[in-house]
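# Summary of structural features
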Amino acid sequence: MKKVAIIGGGITGLSAAYAVKRAIDGGADIDYVLLEKSPRLGGKIHTERTANGFVVEGGPDSFISTKPSIFELAKKLGCEDKFIVSNDEVKKTYILVKNRLRELPDGVMMIVPTKVMPFITTDLFSWPGKIRMAMDFFIPKKEPGDETLASYVRRRLGKECLDRLADPLVAGIYSSDPETMSLAATFPILLDMEQKYGSITKGMIAAMKARLKAAPQGAKPGAPAGPKRTLHMSMKGGMQDIIDELYKAADKDKILVNAEVAGIDEVKGEDGFTAYKLQMTDGTTIVADAVVFASPSNDAATLVENIDTQLAGVLNEIPQASSATISLAYRRKDIKHDFKGFGFLVPLGEGYKVKGCTWSSTKWSGRIPNNDYAMIRVVLGGARSQENAFLPDDELEFVVKAELKKVMGIDAEPAETWIFRWPNAMPQYTLGHLDRLKKIKERASAHPGMFLAGGSYRGVGIPDCINSGTKAAEEAAAYLTGITEPAKV
Ligand SMILES: Cc1cc2nc3c(=O)[nH]c(=O)nc-3n(C[C@H](O)[C@H](O)[C@H](O)COP(=O)(O)OP(=O)(O)OC[C@H]3O[C@@H](n4cnc5c(N)ncnc54)[C@H](O)[C@@H]3O)c2cc1C
């Protein structure tokens, strides 16, 4: 029986395993195995649920609800009741400018203010900054083609918009550097809008009007029918819930932890077709007819080195940024801050080590044992300050507490803290990313049964990873059952 090996037990690999299992349940005569090097499943999704009732997210704490794959997956798994919405009655995000938290004006879509009054009254931008942003209506469009996010925003909306809005959003959320980020690979819609409407603001307003028109009367524009959704959503027991549900649905004997692939050779199978011989670090080997690489691109690069050095080279060209998260639980009686909001982001120019801070126990229900506590989560590091992700624990905590004191006036000691480090964990879609993907596709196509999936390629978010893992597995299953010629990446 033909077999597919899935390397990596994060959300991409587990989604792939589930898709293969569904193909088997649907009659495909194939086998599979998932190999995860660490003792736990989930990869970057890592929720710690403490005995005393804290739900602490080490990696992602939510997902964006505009991409349907996670809802489709949950429906198949029968766990739709696990989703939770953010507490939008206190939906305020702040940006730290000149040592003061300033509210992000209502109506900001991606990086563009679209509502007049909040834009006029906000103290996030200076008047010269606002006038410069309004010039977007008149600045002629440039020749089509990719550029960095920074160059685009500077050109269309001005430097202040870049410094105070685009920069903190992409650094705090994507751990990225706007000066190197490829717009075509990250926000292609912004390039399209400039070409179509001649102005990004006009484009956003047109998009908003179209959504309003399409929405049924009385419904929130863009909102699908069914249970309430908010832009960012999470799960009752933390994002690990989706991992637990995938594991529950899997064939347990085919999901192996502490199973690290050290290297792979391409060989001829007994039937004369291409096969892959996986060398495990414990000295054993596994032979598979197809491989889904659901590990980050840099890990995949190491594994394909013996098979295709050019492919390994391009995979290694995708940079990965390091970051750290620290969650701090405070006793409410020790602090005066009201935590009314979702948290704040910090522009690079402000000179802080903290990049972003989520007021987790306000944004999400069920993160603290009771209202005697408040929990916040801080992100450090990212593409431009990776060294901060590796500060020793005591120094990291010291820096964070000092900066929280400065910004939020908190000088109490936290009751508990949790630190998680993420070395080389955030793929960076820098200028040239789409060309790299083309080369990867070309090279991978030369190896029948080789599929690459995950956040390193076409979207880092959890829904993107689910989509990518599912698609790769479906293509692998189709390849193994000889239904179609597979497409790669
Ligand atoms: C701090 C942080 C915050 C984030 N926040 C969000 C967020 O709020 N929302 C969101 O949507 N996304 C967020 N992301 C991104 C998202 O978490 C990731 O893109 C996604 O979880 C990646 O899943 P994956 O399965 O592709 O990769 P991973 O989770 O990295 O899983 C890959 C797995 O492969 C295993 N592996 C690697 N090499 C081998 C080998 N040789 N043999 C066997 N196993 C191997 C690894 O151990 C790992 O478990 C965040 C990421 C980080 C780091």
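Residues numbered from 1 in each chain as written. Predicted model: local features only at pLDDT ≥ 70, side-chain atom pairs only at ≥ 80, totals over all residues. Heavy atoms only, no water.

## Structural notes on the environment of Gly-356
Take Gly-356: it is sitting in strand S19 (residues 354-358). By relative accessible area, which is 5% here, Gly-356 ends up buried. For Gly-356 and Phe-344, which are twelve residues apart along the polypeptide, the C-alpha to C-alpha distance reads 5.8 Å. Once residues lying within four places of it in the same chain are set aside, the contact partners of Gly-356 are Phe-344, Leu-345, Arg-377, Val-378 and Val-379. (Helix = DSSP H or I, 4+ residues; strand = E, 2+ residues; numbered from the N terminus. Buried < 20%, exposed > 50% of the residue type's maximum accessible area, 1.4 Å probe, protein only. Contact = heavy atoms within 4.5 Å.)

## Focus on the nonpolar core
Within soluble globular proteins, side chains that are nonpolar tend to cluster in buried spots. Judged by nonpolar contacts, the single largest core of 45 residues is most densely connected at Val-4, Ile-6, Ile-11, Ile-70, Ile-242 and Val-292. Residue assignment for this core shows that the elements contributing at least two residues are strand S1 (2-7), helix H1 (11-25), strand S2 (30-35), helix H2 (69-77), strand S11 (232-235), helix H10 (240-249), strand S16 (290-293) and helix H16 (462-480). Tallying contributions element by element places H16 first for this core, with nine residues. (Core = buried A, V, L, I, M, F, W, Y, C linked by side-chain atoms within 4.5 Å.)

## Observations regarding the site of the ligand
The environment of the ligand is made up of 36 residues, and the closest members are Thr-12, Glu-36, Lys-44, Ser-62 and Val-460. Thr-12 has a polar side-chain atom sitting 2.6 Å from an oxygen atom of the ligand. For the ligand, whose accessible area on its own is 1000 Å², the fraction buried by protein is 90%. For the shell around the ligand, the secondary-structure elements that each account for two or more residues are H1, helix H11 (297-304), strand S17 (320-331), strand S21 (416-427) and H16. Looking at the shell around the ligand, the element that brings in the most residues is S21, giving three residues. Within the shell around the ligand, the residues separate by chemical class into 16 nonpolar, 14 polar and six charged. When residues of the shell around the ligand are assigned to domains, at least three fall in each of domain 1 (2-44 + 250-318 + 430-480) and domain 3 (319-427). (Near = heavy atom within 4 Å. Polar contact = N/O pair within 3.5 Å; in protein donor to acceptor, adjacent residues only side chain to side chain. Areas by Shrake-Rupley, 256 points an atom, 1.4 Å probe, with all protein chains shown as cover. Nonpolar A, V, L, I, M, F, W, Y, C, P; charged D, E, K, R; others polar. Domains from an automatic or database assignment.)

## Topic: empty space enclosed by the protein
Following the criterion strictly, the structure yields two cavities of 30 Å³ or more and no others. Looking at the largest cavity, its volume works out to about 80 Å³. Residue lining of the largest cavity: Val-55, Val-56, Glu-57, Asp-61, Ser-327, Ser-360, Trp-364, Arg-367, Met-375 and Arg-377, and that is the complete set. Going through the elements one at a time, strand S4 (55-57) and strand S20 (373-381) are the ones with two or more residues in the lining of the largest cavity. Per-element tally for the lining of the largest cavity: the top contributor is S4, with three residues. Looking at the lining of the largest cavity, its residues break down into four nonpolar, two polar and four charged. (1 Å grid on protein atoms, 1.4 Å probe; cavity = no way out; pocket = protein on both sides within 12 Å on 5 of 7 lines; lining within 4 Å. Points joined across faces, edges and corners; volume = space filled by probe spheres on them.)

## Things to note about a nonpolar patch on the surface
On the surface, Val-116, Met-117, Ile-120, Trp-127, Ile-131, Met-135, Phe-137 and Phe-138 cluster together to form a nonpolar patch covering roughly 870 Å² of accessible area. Secondary structure elements with two or more residues in the nonpolar patch: helix H3 (116-121) and helix H4 (127-134). No other element matches H3, which puts three residues into the nonpolar patch. Examined against the element boundaries, Val-116 turns out to sit in helix H3. (Patch = residues over 30% accessible without salt bridge, like charges linked within 9 Å, V, L, I, M, F, W, Y side chains within 5 Å. Salt bridge = Lys/Arg side-chain N within 4 Å of Asp/Glu carboxyl O.)

## Structural notes on the domain arrangement of the protein chain
Domain boundaries in the protein chain define domain 1 (2-44 + 250-318 + 430-480), domain 2 (108-139 + 147-214) and domain 3 (319-427). In this structure, domain 2 and domain 3 have C-alpha centres spaced 27 Å apart. Counting residues at the interface gives 13 residues for domain 2, matched by eleven residues for domain 3. Interface of domain 2 and domain 3: buried area, both sides summed, is about 890 Å²; carbon and sulfur atoms make up 62% of it. Summed over the shared surface of domain 2 and domain 3, the result is two salt bridges. Between Asp-177 and Arg-384 there is a salt bridge; the shortest N-O distance is 3.9 Å. Where domain 2 meets domain 3, there are three residue pairs in polar contact (both at pLDDT 80 or more). (Buried area = accessible area lost by both parts, 1.4 Å probe.)

## Side note on helix H12 (residues 309-316)
Buried within H12 we find Leu-311, Ala-312, Val-314 and Leu-315. Buried residues along H12 cover an arc of 165° about the axis, so they all sit on one side. Turned more than 90 degrees away from the buried face of H12 sit Thr-309 and Gln-310, all of them exposed. Considering only its buried residues, H12 is in contact with H11, helix H15 (433-445) and strand S22 (450-452). The backbone nitrogen of Gln-310 has a side-chain oxygen 3.1 Å away, supplied by the residue at the start of H12, namely Asp-308. (Arc of directions from axis to C-beta.)

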